[in-house]
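# Architecture and fold: a report
One letter stands for each residue in the lines below.
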Amino acid sequence: MIQAVMVISTQAKPRLLKFYNFQSPEKHQDIVRGVFQLLSARPDSVSNFVEVDGIFGPGTKMVYKHLATLYFVFVFDSSENELAMLDLIQVFVETLDKCFKNVCELDIVFNFNKLHTILDEMILGGQVIETSSEQIMKSVEEIGRLEKQSSTTSLIPKSISDRFSR
(Lines give C-alpha, C1' and ligand atoms only; values in the text may rest on other atoms or scores of the structure.)
Protein backbone atom coordinates (compact mmCIF):
# COMPACT_ATOMS: atom_id res chain seq x y z
CA MET A 1 0.00 0.00 0.00
CA ILE A 2 1.17 3.51 -0.75
CA GLN A 3 1.40 5.45 2.49
CA ALA A 4 2.29 8.91 1.22
CA VAL A 5 2.96 10.97 -1.87
CA MET A 6 5.02 14.12 -1.50
CA VAL A 7 6.38 16.77 -3.80
CA ILE A 8 9.02 18.82 -2.02
CA SER A 9 11.03 21.70 -3.44
CA THR A 10 14.80 21.83 -3.14
CA GLN A 11 14.25 24.60 -0.57
CA ALA A 12 12.38 22.10 1.67
CA LYS A 13 8.95 23.60 0.89
CA PRO A 14 6.23 20.95 0.66
CA ARG A 15 4.32 21.49 -2.58
CA LEU A 16 2.10 18.42 -2.21
CA LEU A 17 1.50 16.21 0.80
CA LYS A 18 -0.95 13.34 0.53
CA PHE A 19 -1.03 10.74 3.31
CA TYR A 20 -3.06 7.57 2.88
CA ASN A 21 -2.87 6.62 6.54
CA PHE A 22 -3.49 9.08 9.33
CA GLN A 23 -0.66 11.38 10.29
CA SER A 24 -1.37 14.23 12.67
CA PRO A 25 -0.79 17.69 11.18
CA GLU A 26 1.91 18.31 13.78
CA LYS A 27 3.78 15.27 12.50
CA HIS A 28 3.62 16.45 8.86
CA GLN A 29 6.39 19.02 9.42
CA ASP A 30 8.60 16.44 11.13
CA ILE A 31 8.05 13.99 8.28
CA VAL A 32 8.82 16.57 5.59
CA ARG A 33 11.91 17.72 7.49
CA GLY A 34 13.15 14.15 7.92
CA VAL A 35 12.50 13.22 4.29
CA PHE A 36 14.14 16.39 2.98
CA GLN A 37 17.22 15.93 5.17
CA LEU A 38 17.53 12.39 3.90
CA LEU A 39 17.10 13.36 0.24
CA SER A 40 19.29 16.45 0.24
CA ALA A 41 22.17 14.53 1.82
CA ARG A 42 22.11 11.82 -0.89
CA PRO A 43 24.40 12.21 -3.88
CA ASP A 44 22.90 11.89 -7.37
CA SER A 45 24.93 8.76 -8.06
CA VAL A 46 23.16 6.56 -5.48
CA SER A 47 19.96 4.54 -5.76
CA ASN A 48 16.57 6.24 -5.62
CA PHE A 49 15.26 3.56 -3.23
CA VAL A 50 15.55 4.20 0.51
CA GLU A 51 14.33 2.32 3.57
CA VAL A 52 12.63 4.82 5.87
CA ASP A 53 11.81 2.74 8.93
CA GLY A 54 12.92 5.60 11.21
CA ILE A 55 10.47 8.08 9.70
CA PHE A 56 7.40 6.02 8.77
CA GLY A 57 7.77 2.85 10.80
CA PRO A 58 9.01 -0.67 10.13
CA GLY A 59 8.82 -2.12 6.64
CA THR A 60 8.41 1.16 4.79
CA LYS A 61 10.38 2.17 1.76
CA MET A 62 10.66 5.37 -0.18
CA VAL A 63 11.35 5.93 -3.85
CA TYR A 64 12.04 9.38 -5.21
CA LYS A 65 12.93 11.22 -8.36
CA HIS A 66 14.75 14.56 -8.37
CA LEU A 67 13.64 16.66 -11.33
CA ALA A 68 14.67 20.31 -11.69
CA THR A 69 13.78 21.98 -8.37
CA LEU A 70 11.43 19.26 -7.09
CA TYR A 71 11.64 15.91 -5.35
CA PHE A 72 8.77 13.55 -6.22
CA VAL A 73 8.51 11.06 -3.35
CA PHE A 74 6.35 7.96 -2.90
CA VAL A 75 6.38 6.11 0.44
CA PHE A 76 5.05 2.55 0.48
CA ASP A 77 5.11 -0.73 2.38
CA SER A 78 6.50 -4.12 1.40
CA SER A 79 3.38 -5.09 -0.56
CA GLU A 80 4.37 -2.72 -3.40
CA ASN A 81 7.08 -3.25 -5.99
CA GLU A 82 9.89 -0.66 -5.88
CA LEU A 83 10.30 -0.45 -9.65
CA ALA A 84 6.54 -0.14 -10.13
CA MET A 85 6.56 2.83 -7.76
CA LEU A 86 9.40 4.45 -9.69
CA ASP A 87 7.40 3.93 -12.87
CA LEU A 88 4.34 5.44 -11.18
CA ILE A 89 6.36 8.56 -10.40
CA GLN A 90 7.28 8.70 -14.09
CA VAL A 91 3.60 8.41 -15.09
CA PHE A 92 2.72 11.16 -12.60
CA VAL A 93 5.39 13.50 -14.00
CA GLU A 94 4.46 12.69 -17.62
CA THR A 95 0.82 13.45 -16.87
CA LEU A 96 1.76 16.74 -15.23
CA ASP A 97 3.86 17.58 -18.30
CA LYS A 98 0.90 16.88 -20.58
CA CYS A 99 -1.39 18.93 -18.40
CA PHE A 100 0.86 21.96 -17.94
CA LYS A 101 3.09 21.79 -21.04
CA ASN A 102 6.50 21.31 -19.41
CA VAL A 103 5.56 21.48 -15.75
CA CYS A 104 7.47 23.70 -13.34
CA GLU A 105 7.21 24.44 -9.64
CA LEU A 106 4.94 27.45 -10.20
CA ASP A 107 2.44 25.26 -12.07
CA ILE A 108 2.24 23.04 -9.02
CA VAL A 109 1.88 25.98 -6.62
CA PHE A 110 -0.86 27.76 -8.57
CA ASN A 111 -2.76 24.68 -9.81
CA PHE A 112 -2.79 22.51 -6.71
CA ASN A 113 -6.43 21.48 -7.34
CA LYS A 114 -5.52 19.98 -10.70
CA LEU A 115 -2.46 18.33 -9.13
CA HIS A 116 -4.70 16.64 -6.54
CA THR A 117 -7.17 15.62 -9.24
CA ILE A 118 -4.41 13.94 -11.25
CA LEU A 119 -3.13 12.15 -8.16
CA ASP A 120 -6.65 11.06 -7.18
CA GLU A 121 -7.14 9.57 -10.65
CA MET A 122 -3.96 7.51 -10.15
CA ILE A 123 -4.19 6.48 -6.51
CA LEU A 124 -7.27 5.88 -4.37
CA GLY A 125 -6.89 5.05 -0.70
CA GLY A 126 -3.25 4.07 -1.16
CA GLN A 127 -3.99 1.65 -4.02
CA VAL A 128 -2.96 2.28 -7.61
CA ILE A 129 -6.07 2.45 -9.80
CA GLU A 130 -4.73 3.87 -13.09
CA THR A 131 -1.31 3.84 -14.73
CA SER A 132 -2.15 5.13 -18.19
CA SER A 133 -1.24 8.77 -18.65
CA GLU A 134 -3.74 9.07 -21.50
CA GLN A 135 -6.63 7.71 -19.41
CA ILE A 136 -5.73 9.99 -16.52
CA MET A 137 -5.68 13.01 -18.85
CA LYS A 138 -9.08 12.06 -20.30
CA SER A 139 -10.54 11.86 -16.80
CA VAL A 140 -8.97 15.16 -15.73
CA GLU A 141 -10.26 16.90 -18.87
CA GLU A 142 -13.75 15.49 -18.27
CA ILE A 143 -13.69 16.67 -14.66
CA GLY A 144 -12.57 20.13 -15.83
CA ARG A 145 -15.35 20.23 -18.43
CA LEU A 146 -17.95 19.25 -15.83
CA GLU A 147 -16.66 21.87 -13.37
CA LYS A 148 -16.94 24.58 -16.04
CA GLN A 149 -20.40 23.39 -16.96
CA SER A 150 -21.59 23.38 -13.36
CA SER A 151 -20.13 26.83 -12.64
CA THR A 152 -22.06 28.33 -15.56
CA THR A 153 -25.32 26.71 -14.49
CA SER A 154 -27.47 29.18 -12.64
CA LEU A 155 -29.57 28.23 -9.67
CA ILE A 156 -32.01 31.04 -10.46
CA PRO A 157 -34.70 30.17 -13.01
CA LYS A 158 -34.26 31.93 -16.35
CA SER A 159 -37.63 33.73 -16.14
CA ILE A 160 -36.60 35.42 -12.86
CA SER A 161 -33.08 36.33 -14.01
CA ASP A 162 -34.51 37.84 -17.25
CA ARG A 163 -36.92 40.01 -15.24
CA PHE A 164 -34.15 41.51 -13.07
CA SER A 165 -31.62 42.00 -15.85
CA ARG A 166 -33.84 44.58 -17.63
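Reading guide: rules and limits
Residues numbered from 1 in each chain as written. Predicted model: local features only at pLDDT ≥ 70, side-chain atom pairs only at ≥ 80, totals over all residues. Heavy atoms only, no water. UniProt positions renumbered as here; feature names shortened; annotations may be inferred. Helix = DSSP H or I, 4+ residues; strand = E, 2+ residues; numbered from the N terminus. Buried < 20%, exposed > 50% of the residue type's maximum accessible area, 1.4 Å probe, protein only. Pairing = 2+ DSSP bridges. Axes fitted to C-alpha atoms, helices over the stretch in contact; angles between N-to-C directions. Contact = heavy atoms within 4.5 Å. Core = buried A, V, L, I, M, F, W, Y, C linked by side-chain atoms within 4.5 Å. Salt bridge = Lys/Arg side-chain N within 4 Å of Asp/Glu carboxyl O. Phe/Tyr/Trp six-rings, centres within 6.5 Å; stacked < 30°, edge-to-face > 60°.

Taking an unreviewed UniProt entry as the reference, the protein chain is identified by name as AP complex subunit sigma belonging to Dichanthelium oligosanthes. Of the protein chain, the UniProt comment under Sequence similarities (unreviewed entry) reads exactly: "Belongs to the adaptor complexes small subunit family." You can read under Subcellular location (unreviewed entry) in the UniProt record for the protein chain the words "Endomembrane system".

Right, let's talk about the UniProt feature "domain: AP complex mu/sigma subunit" (unreviewed entry) in the protein chain for a bit. According to UniProt, the positions carrying the feature "domain: AP complex mu/sigma subunit" (unreviewed entry) are residues 1–146. The span residues 1–146 shows a helical share of 48% and a strand share of 24%, and its end C-alpha atoms are spaced 31 Å apart.

A separate point is the pairing of strand E1 (residues 2–9). Counting buried positions along E1 gives 8 out of 8 residues, so the element sits mostly inside the fold. Summarising the sheet, E1 and strand E5 (residues 70–76) pair through 7 bridges and their orientation is antiparallel. When the sheet's bridge partners are listed, valine 7 is paired in E5 with phenylalanine 72. Here E1 pairs with strand E2 (residues 14–19) via 5 bridges, running antiparallel. Of the residues in E2, the one forming a bridge with valine 5 is lysine 18. In this antiparallel pair of consecutive strands, E1 and E2, the connection spans 4 residues, and alanine 12 shows a positive phi of 70°.

This next bit is on the sheet that holds E2. Reading across the sheet, the 5 strands line up as E2-E1-E5-E4-E3 and stay open at both edges, with antiparallel pairing between neighbours. Edge positions in the sheet fall to E2 and strand E3 (49–51), since each has one partner strand and no second. Taking each pair of neighbouring strands and ignoring which way they run, the sheet shows an average axis angle of 15°. Strand direction decides the pairing type here: E3 and strand E4 (residues 61–67), joined by 3 bridges, are antiparallel. Across the sheet, phenylalanine 49 pairs through a bridge with valine 63, a residue of E4. Helix H5 (residues 112–122) rests against E1 and E2 of the sheet, and its axis sits at about 35° to E2.

In this section: the nonpolar core. Membership of the largest hydrophobic core comes to 29 residues, with the highest contact counts inside it found for Phe72, Phe74, Phe92 and Ile123. Of all the secondary-structure elements, those providing two or more residues to this core are E1, E5, helix H3 (82–100), H5 and helix H6 (133–152). Looking at this core, the element that brings in the most residues is H3, giving 9 residues. Excluding anything up to four places from it in sequence, phenylalanine 72 contacts Met6, Val7, Val63, Tyr64, Lys65, Leu67, Ile89, Phe92, Val93, Leu96 and Ile108. Core analysis: the next-biggest nonpolar cluster, separate from the first, contains 17 residues, Ile31, Tyr64, Tyr71 and Val75 among them.

What follows covers the pattern of salt bridges. Side-chain pairing between opposite charges can occur once the charged atoms of the two side chains come close. Tallied over the entire structure, the rule returns 6 salt bridges. Two residues, glutamate 105 and arginine 15, come together in a salt bridge whose shortest N-O distance is 2.8 Å. Of this pair, glutamate 105 sits in helix H4 (residues 105–110) while arginine 15 sits in strand E2, placing them 90 residues apart in sequence. The class for glutamate 105 is buried, based on a relative accessible area of 16%. Residue class for arginine 15 comes out partly exposed when judged on its relative accessible area of 29%. One salt bridge in this structure joins glutamate 142 and arginine 145, with 2.5 Å as the shortest N-O distance. Pair noted here: glutamate 142 and arginine 145 are both in helix H6, with a separation of 3 residues, about one helical turn. Take glutamate 142: its relative accessible area is 34%, and that puts it in the partly exposed class.

Let us look at the packing of aromatic side chains. Per the stated rule, a full pass over the model turns up 4 aromatic pairs. With a centroid separation of 6.3 Å and an interplanar angle of 75°, the aromatic rings of phenylalanine 36 and tyrosine 71 are classed as edge-to-face. Note that phenylalanine 36 is positioned in helix H1 (residues 25–40) and tyrosine 71 in strand E5, a separation of 35 residues in sequence. Summarising the burial analysis for this pair, phenylalanine 36 and tyrosine 71 share the class buried. Summarising the aromatic geometry, the rings of phenylalanine 74 and phenylalanine 92 are spaced 6.4 Å apart at their centres and angled 65° between planes, so their arrangement reads as edge-to-face. Of this pair, phenylalanine 74 sits in strand E5 while phenylalanine 92 is found in helix H3, placing the two residues 18 residues apart along the sequence. As far as burial versus exposure is concerned, phenylalanine 74 and phenylalanine 92 are alike and both buried. Linked through ring pairs, Phe36, Tyr64 and Tyr71 together constitute an aromatic cluster.

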